[in-house]
Amino acid sequence: MYPPHFRHQHYWNFSFFLFGIIVIYRVINVLLLETQFDPDEYWQTLEPAYCIAFSTGRNCELTWEWTRRREPGAKSITGFLLLDDAFYGPVRSYVPLLPTIILYKVLIFFRLDTTWMVARAPLLLNAIIVAAPTDLAVFYICSYIFKDAAVHSNKTSPLKVEHWALLASTTNWFNGYALIRTYSNSLETVILILGISLLCPELFGEQCDKQDFKTRMAFRIAFLLGGVGVVIRFTALAAWIPIGMIVCFRRRLFRAKVYYFCNACLYGAAGVVLGCVVDRYFYGFWAIPFLGSFHFNALLGNGALYGTHPWFWYIVAGLPAIVGILTIPYVYQVFLCMRKSNLRHTIWGRMNVIQAIIASYVSLHSLSAHKELRFMLPVLPLICIISGYTLFIFCASTNSSKGRLLFVLTTLLVMNYPHLMFLCTVHQRAPIQVNKVLSTYIKDMATFHDIESKRFSIHYLMGCHSTPLYSHLHVTKKLGVLDETVPIDSWYLDCSPECRSDSRLLCESEEFSINPRGFVTKYYTIPERNSRICSDEKVCLNNKDMDQPPQTSRKDIPDFLAMFEHDLNNPNSKDLKDVLISMGLEETDKIKHAVKGVSLIRLNSRNEKYPDNDVLVRLPGRLGLKLQFEHMLVFTNKQLDVGQL
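Residues numbered from 1 in each chain as written. Predicted model: local features only at pLDDT ≥ 70, side-chain atom pairs only at ≥ 80, totals over all residues. Heavy atoms only, no water.

Draft legend 1. Examining the state of the cysteines more closely. Considering all chains together, one arrives at three disulfides under this definition. With its sulfur 1.5 Å from that of its partner, Cys464 forms a disulfide with Cys495. The chirality of the disulfide connecting Cys464 with Cys495 is right-handed, given an S-S dihedral of about 45°. Here Cys464 is found in the loop between strand E1 (456-461) and strand E2 (476-479), whereas its partner Cys495 is found in the loop between strand E4 (488-492) and helix H23 (497-500), with 31 residues between them in sequence. Classification of Cys495 as buried rests on a relative accessible area of 7%. In this structure Cys262 is not part of a disulfide, and its nearest cysteine sulfur, from Cys265, lies 6.7 Å away. Overall, Cys262 belongs to the partly exposed group, its relative accessible area being 43%. (Disulfide = S-S within 2.5 Å. Helix = DSSP H or I, 4+ residues; strand = E, 2+ residues; numbered from the N terminus. Buried < 20%, exposed > 50% of the residue type's maximum accessible area, 1.4 Å probe, protein only.)

Draft legend 2. Structural view of the pattern of salt bridges. Considering all chains together, one arrives at 14 salt bridges under this definition. Across the salt bridge formed by Glu188 and Arg233, the nearest N and O atoms sit 3.4 Å from each other. Of this pair, Glu188 sits in helix H10 (residues 184-198) while Arg233 sits in the loop between helix H12 (217-232) and helix H13 (237-249), and the two are 45 residues apart along the sequence. The exposure class assigned to Glu188 is buried, which follows from its relative accessible area of 4%. On the accessibility criterion, Arg233 (13% relative accessible area) is buried. Across the salt bridge formed by Glu587 and Lys577, the nearest N and O atoms sit 3.9 Å from each other. One end of the pair, Glu587, is in strand E8 (residues 585-602); the other, Lys577, is in helix H27 (residues 576-582), with ten residues separating them in the sequence. Classification of Glu587 as partly exposed rests on a relative accessible area of 31%. Residue class for Lys577 comes out partly exposed when judged on its relative accessible area of 23%. (Salt bridge = Lys/Arg side-chain N within 4 Å of Asp/Glu carboxyl O.)

Draft legend 3. Fine view of the packing of aromatic side chains. In the structure shown here, the tally under the stated rule is 32 aromatic pairs. On the basis of an interplanar angle of 40° and a centroid distance of 4.6 Å, the ring pair of Trp64 and Phe296 is categorised as tilted. On the criterion of sequence distance, the pair formed by Trp64 in helix H3 (residues 64-67) and Phe296 in helix H15 (residues 289-299) is long-range, its members being 232 residues apart. Accessibility classification places Trp64 together with Phe296 in one group, the buried group. On the basis of an interplanar angle of 55° and a centroid distance of 4.9 Å, the ring pair of Phe219 and Phe223 is categorised as tilted. Linking Phe219 with Phe223, this pair stays in helix H12, spanning four residues, or about one helical turn. The burial state of Phe219 is the same as that of Phe223; both residues are buried. Here a set of aromatic residues connected by ring pairs shows up, and it is made of Trp66, Tyr94, Tyr281, Phe282, Tyr283 and Phe285. One Lys or Arg, Arg181, reaches over the ring of Tyr177 and ends 4.5 Å from the middle of that ring. Here the basic side chain of Arg251 rests over the ring of Tyr260, its NZ or CZ set 4.8 Å away from the ring centre. (Phe/Tyr/Trp six-rings, centres within 6.5 Å; stacked < 30°, edge-to-face > 60°. Lys NZ or Arg CZ within 6 Å of the ring centre and 35° of its normal.)

Function-wise, these values are silent; they only describe arrangement.
Next up, the structure:
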């Protein structure tokens, strides 16, 4: 059932060696990552895992996805209490958190839970157990699909199909940007690609009557993983249902089809039950998060609260964006596969199996109004497999294969790495850097305060969940032989579905963005002062000029306050900086966040200077490229004496 070379010892030795190389590559990939892509990479993995591992009763924050429960009087959906509670219950599973929770426990046991390790070690773990296995599985599946001697006997190219597919996967910009992050989508990706690799004989092998009533252990493990994948994200059914159908319909006898169908359902259900048991342990009651997610997103349609796109968006924009330059060889191969769809037991027939899985996955996700690029991550490795075959044919079809080889390699590097480096190191950098700055301040000041009496407070006046939280603010102080976590109180603005879905309500994040100054004077206690408060620009403000409604639900002035520069300069809030000064807050840090403007300028002199907001890149001649940045600002309470540290 497997190609002969799969059973050779040197093949497996080479596989382990290759895996080690890929791990090193992905670890370097992680070490270069200094930016944020989407809040879910922290708030749906690191933050809840931090709450479980560092369960001290403080420094813990969960989003609504984890705290969603059935309200009294809610309409029954199924008539069964357990199922109704599941539909109205949490929408996130603890299954994808298990590796991070275990990692955190290991760090605590060996007293390695430093700020850097708690924030970055999960990414390193993800590179080893998610990204690297995904790349290796691409190589393995290609080795099976293109095992024919006719394909591998071409001597004009030093690279085989599996090498090209692996190269396509490792150089793809979106794999380097998103796959290594701690998304549930990343774990869904590795589960799907490992499942397909385990099912290679059933999906791509020759039909054999002798095997019709015998399932391999790999078959059972694959569908067990598939069940776990459904627990993580119920949309994984879009890939596993066609996989099961293909496996069943490739059997010759009807009884064999039924036998395989029953086995696939049995082991898939076992995976679902296993995931539910894990959630039962962590939630403390029988929660079925994938039903809660289905109810919230599909039945209620609340996914649209977080943005919508037309049904064809994945086809014309989403997939081309993440596939990048590989779109050309992939589309070319799609048309070839369609023309040769009748060749079922050849390379084209095997690639059509992959095409069917991709088409099913994209089609189901296109039905949802809410779409994101990362939702297509699980099919990206499959696209790399098909694109790899096109690249192989292109480079091996003529006598000038070396020239084409150099051309393709250069194109892959040039069309992926420049913007990958920009996205990993520059774009949306502030959400990560601001907590580095704050944790450094807190660590330095914690040595001058009694840990039991001093609680540091941080307020984030920006869009909700714009930054990671306690997973990136973990600071410890040694008390004898023990390490005590420094207590931190935080506040971020609300943007939960309750206020998003009700037109009569205004979310805190939206209220702040409309009128930052009014929001600050409404929610904070402005000290009464007889003297006038003047800013650095000598603009003075009397306390009576600050509109202060009755003191209801007012918040104390925090030790640290973070906000974006554009909110401080909001036309509706010209006096906001003066208000913050009157509260005893001073600006201490200005962190570059994202490029907001690019212009080509002529330099009048070599020593010409520009404002701090600008970065000048000198070009040949007397030209320069001026980059204007949006910043995130950190304000510190003057009572902390940060300047003395």
